[in-house]
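Residue-level listing of the chains:
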Amino acid sequence: MPKSRIVLYPGTFDPITNGHLDIIARAAKLADRLVVGIAMNAGKGPIFTLEERAELVRAETDVIAARTGTKIEVRPFSSLLIAFAREVGAGMIVRGLRAVSDFDYEFQMAGMNYRLDPEIETVFLMASEHHQFISSRFVKDIAALGGDISSFVPKLTGERTLAKLRS
């Protein structure tokens, strides 16, 4: 019997962007089950709570799961990434790359993760060209200064982001 392909896509997703959703849709093609891991990452000073981020990611990924037929599970985590990957049974971690500047950090993290568990592969997916410049940090900055974020995030996420920043 072939082994199930469980893929983990971790991130802070504060907020989830169209770039994240592009990587999720493409990662879903590689997986029998895709786990989107929502990292606590208090160091980044998220505007949404862990639960709010998980709720938004679930809402925004339901359509991808329906379209691809891939089971997409959204799970918050606060542990070491490799420990979480083992917990969910992932054999692969997917990371999105936007630019060369992302590669240096991701390359180092992939090397460390490999040393921690060589059975879990890290695979990099390049962001689609029209999403390469989008980052959650820029989305929050633009929204906080009254700019239009509608082309960077899905509608629900945009509404929630603006509401959160206005409160």
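For clarity, every value in this text was computed on a predicted model and none was experimentally measured.

A. Region of interest: the sheet that holds strand β4 (residues 92-97). An order of β3-β2-β1-β4-β5 is seen for the five strands of this open sheet, with the pairing classed as parallel. The open sheet has two edge strands, β3 (71-77) and β5 (121-126), and neither has a second partner. Going across the sheet, the axis of each strand differs from the next one's by a mean of 30 degrees, ignoring polarity. For strand β1 (residues 6-11) and strand β2 (residues 33-39), the ladder comprises six bridges, and the chain directions are parallel. Note on β2: the bridge partner recorded for P10 is G37. Along the sheet face, helix α1 (residues 18-28) touches β1, β2, β3, β4 and β5 and points at about 125 degrees away from the line of β5. Across the sheet, helix α3 (residues 81-88) is in contact with β1, β2, β3 and β4; its angle to β3 comes to roughly 140 degrees.

B. Geometry of helix α2 (residues 50-68). If you check α2, its first and last C-alpha atoms are 26 Å apart, about what 19 residues at 1.5 Å a residue would give, namely 27 Å. The complete set of buried residues in α2 reads L50, R53, A54, L56, V57, E60, T61, I64 and A65. Those residues of α2 that are buried lie in contact with α1, β2, β3 and α6 (155-166). One or two residues past the end of α2 sits G69, with phi positive at roughly 80 degrees.

How each quantity is defined
- Residues numbered from 1 in each chain as written.
- Predicted model: local features only at pLDDT ≥ 70, side-chain atom pairs only at ≥ 80, totals over all residues.
- Heavy atoms only, no water.
- Pairing = 2+ DSSP bridges.
- Helix = DSSP H or I, 4+ residues; strand = E, 2+ residues; numbered from the N terminus.
- Axes fitted to C-alpha atoms, helices over the stretch in contact; angles between N-to-C directions.
- Contact = heavy atoms within 4.5 Å.
- Expected span 1.5 Å × (residues − 1).
- Buried < 20%, exposed > 50% of the residue type's maximum accessible area, 1.4 Å probe, protein only.

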